[in-house]
Amino acid sequence: MSTQTAQALKDLADAKALMASALQRLSGDIPAGHAACKAMLIEAVSEDVAREQIHCAHSLRATGAHKLTQDSLQNITEAGLDPTMEQLEAAEGRTTTGRTHFKDAKGLMVHWLGIALGTASTRLVQADCLIGGVDDAGQPIAAWLPELAEEFEGRNLDPRLVASTALKLHSARKDLGEGTAGEAKKQELQDQATAFLRAEPKTARKHINDLISQIKSGQRPMKALLDEIGIFKRGMRKGLVEYLLRVLPSQDAYVQAFFTRLGNPATAAGNRQGLKDAEAQFTGQEASDWDDGETKPEWAREDADSEQELSDSKENRATGQGEPGQWEDLKPERRRLVGFMALLMTDRKPTGSQPEEIPGLARAQVSIILNWEKMQQQASSFAVTSAGTPLSPGETRAALCNAGIYPLVLNSKSLPLDLGRTQRFFSKAQGRAIRAAYRGCSYPGCSMPAEQCEIDHLDPWEKGGRTDIKSADLNCLIHHPARHCGLFHAVKVPGSRPMVLLPPELDPEQKLRFNTYFMTPDQASAANTLAEEATRQWRAGLIEVEIVEP
């Protein structure tokens, strides 16, 4: 066995040298296809390395490597990264029961291998979850998350994603409780996490984070939450004053809606030059020459009543025909601060003006989506904001009493909002319903929210298409033209919102998919199940689907 492991280590050292030589030859100018091939191979190697780093942490602990004698460590150090077979056989080493340099495996990793303390701790926790541990008597302990352990050793998922998921689930270990009930909760959480990883790895991390947040917040009474919300001043750092903001989920809906208005340059509140003028009061930078609303360009006015005018203004900006100097390099974080300062500085509404007409001053409009069946059953989770944030029954009732809230009860009947062939562009009412129902771009994994997406006609108007909700989808400014270029396809499925079919080079399995990024974990799980069932029936010829032409 000693000779076999020594030979394997020699092969590993030779592979490292061979890889270094190959990378040196690939460091210059290479064809585009070879660059892509190199990147693919490097990512595959990185996955194997990430998996083995956790295995190494487990091996160091399981073998008691921190108890190696000084001579043994010296032999390993002298062998280095280009060892001979004789050196490797001598490096087998021996352990001692006496005093050593390192207290435990973590100490060996930190002080001998030079691994950061936090990284070493993380790898050992991940080893506990995905490989197993060792008790005080040196006996092996089974992996804490056996289902994720199988995925970690398999080749279908990125082990780095599985490892980070295991770490996230481990963070909720104390919140799951003890005994049979705690084991049941752990099993349910592991099942849900594994299902998300298998269905859509791109959005799995978000849904798993939401699951953990629900577990941790679900056991906290409202009083405990209220005790921790607020704006906290953290002090001066690097010439800037830092604040920490903590809000309730229902308050977050207003914050997100406010940011959305500021992020839309088609509104007066979000126009870039107006925001620059507002910030000039603090920075002294040059402002614009707009004296009043009449001098503003069309894209900065908010008098458009249809998607057509907004679309035209977007096209003008994209082609450079709009007003120059729109401060397009303004970062979202900075834009939000300017808008917040505009709120603080505006003590009253100007005569004859609406708040939206002031640059940086946006009136929040929040859509709350209600599940009619759950609401009738008095379930605890029947409301969610259009951004995908779940609300408690108390928060929902309070929010619906306020102005600026649009409650939308959605079902499968969209006839009252359908326009057929009466007009080409979607109305505001239709746009609000579509954005509330779909919440964001249709492309799987895309995080662009609905307010920054365009409504996409799946039935071309020029070919007799209707302006109906069932014939519409949402796509961002990147994926809208991508669909029309044939880079992916929208798919109409009976009894469902449109799904997406990615090209074979991105999805060899050719599965129908939803973008679940803006859904709650429960909604995402149901959507993934629906997509899998639709894919199965489609392949079996049990349902007819329409793959929309570009």
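Residues numbered from 1 in each chain as written. Predicted model: local features only at pLDDT ≥ 70, side-chain atom pairs only at ≥ 80, totals over all residues. Heavy atoms only, no water.

Engineer: I'd like a description of empty space enclosed by the protein, backed by residues and values.
Structural biologist: A full pass over the atoms with the stated rule returns 1 cavity of 30 Å³ or more. Contributing elements (two or more residues each) for the lining of the largest cavity: β13 (512-513) and α20 (521-539). A per-element tally of the lining of the largest cavity places α20 first, with 3 residues. Here the residues of the lining of the largest cavity sort into 4 nonpolar, 1 polar and 4 charged. (1 Å grid on protein atoms, 1.4 Å probe; cavity = no way out; pocket = protein on both sides within 12 Å on 5 of 7 lines; lining within 4 Å. Points joined across faces, edges and corners; volume = space filled by probe spheres on them. Helix = DSSP H or I, 4+ residues; strand = E, 2+ residues; numbered from the N terminus. Nonpolar A, V, L, I, M, F, W, Y, C, P; charged D, E, K, R; others polar.)

Engineer: Account for the pairing of strand β10 (residues 472-476), naming residues and giving values.
Structural biologist: Burial runs high along β10: 5 of the 5 residues are buried. Neither face of β10 is exposed, since A472, L474 and C476 on one face and D473 and N475 on the opposite face are all buried. Pairing analysis gives 5 bridges linking strand β9 (residues 453-457) to β10, with the strands arranged antiparallel. Within β10, the residue paired with I455 across the bridge is L474. (Buried < 20%, exposed > 50% of the residue type's maximum accessible area, 1.4 Å probe, protein only. Pairing = 2+ DSSP bridges.)

Engineer: With reference to specific residues and values, describe the nonpolar core.
Structural biologist: The biggest cluster of nonpolar side chains holds 36 residues, and the ones touching the most others in it are L130, L148, L169 and L197. Only α6 (117-130), α7 (146-153), α8 (159-170), α9 (179-199), α10 (201-218), β12 (499-501) and α20 provide two or more residues apiece to this core. Residues within four places of L130 in sequence aside, it is in contact with A143, L148, A149, F152, V162, A163 and A166. Of all hydrophobic cores here, the second largest spans 18 residues; its members include A433, C453, I469 and F488. (Core = buried A, V, L, I, M, F, W, Y, C linked by side-chain atoms within 4.5 Å. Contact = heavy atoms within 4.5 Å.)

Engineer: Run through α6, naming residues and quoting values.
Structural biologist: Compared with an ideal rise of 1.5 Å per residue, which puts 14 residues at 20 Å, α6 spans 20 Å between its outermost C-alpha atoms and is within 8% of the ideal. The set of residues buried in α6 consists of A120, R123, L124, Q126, A127, C129 and L130. Contacts made by the buried residues of α6 are with α2 (32-63), α5 (105-111), α7 and α8. Following α6 by one or two positions, G132 has its phi on the positive side, about 135°. (Expected span 1.5 Å × (residues − 1).)

Engineer: Give a description of α9 that names residues and reports values.
Structural biologist: Between its terminal C-alpha atoms α9 stretches 30 Å, which fits the 30 Å expected from 21 residues at 1.5 Å a residue. For α9, the full list of buried residues reads G182, K186, L189, Q190, A193, T194, F196, L197 and A199.

Engineer: An account of the sheet that holds strand β11 (residues 489-492) is needed here, citing residue identities and associated values.
Structural biologist: Two modes of strand pairing occur in sheets, parallel and antiparallel, and in both the strands are linked by backbone hydrogen bonds. Overall, antiparallel pairing links the 4 strands, which are arranged β13-β12-β11-β14 in an open sheet. Each edge of the open sheet is held by one strand with a lone partner, namely β13 and β14 (546-547).

Engineer: Tell me about the packing of α2 against α8, and please be specific about residues and values.
Structural biologist: The geometry of α2 relative to α8 is characterised by a closest axis approach of 8 Å and an angle of 40° between their N-to-C directions. Contacts between α2 and α8 involve E43, S46, E47, A50, R51 and I54 on the former and, on the latter, P159, R160 and A163. (Axes fitted to C-alpha atoms, helices over the stretch in contact; angles between N-to-C directions.)

Engineer: Go over the layout of surface pockets with me, naming the residues and quoting the values.
Structural biologist: As a volume, the second largest pocket reaches approximately 1800 Å³. Lining the second largest pocket are 40 residues, with L9, L12, C56, L60 and I76 sitting closest to its centre. The element that contributes the greatest number of residues to the lining of the second largest pocket is α2, accounting for 10 residues. Broken down by class, the residue content of the lining of the second largest pocket amounts to 24 nonpolar, 10 polar and 6 charged.

Engineer: Run through the pattern of salt bridges, naming residues and quoting values.
Structural biologist: A complete count under the given rule lists 16 salt bridges for this structure. Residues D210 and K206 are paired through a salt bridge, measuring 3.2 Å at the closest nitrogen-oxygen approach. Here D210 pairs with K206, and both are found in helix α10, just 4 residues apart, close to one helical turn. Judged by relative accessible area, which is 24%, D210 ranks as partly exposed. The closest approach of N and O atoms between E242 and R237, which form a salt bridge, is 3.6 Å. A relative accessible area of 28% places E242 in the partly exposed class. (Salt bridge = Lys/Arg side-chain N within 4 Å of Asp/Glu carboxyl O.)

Engineer: Would you mind going over unusual backbone geometry in detail, with residue names and values included?
Structural biologist: Here K238, not a glycine, exhibits a phi torsion of approximately 55°, which is positive. As for its placement among the helices and strands, K238 is situated in the loop between β3 (230-237) and β4 (240-246).

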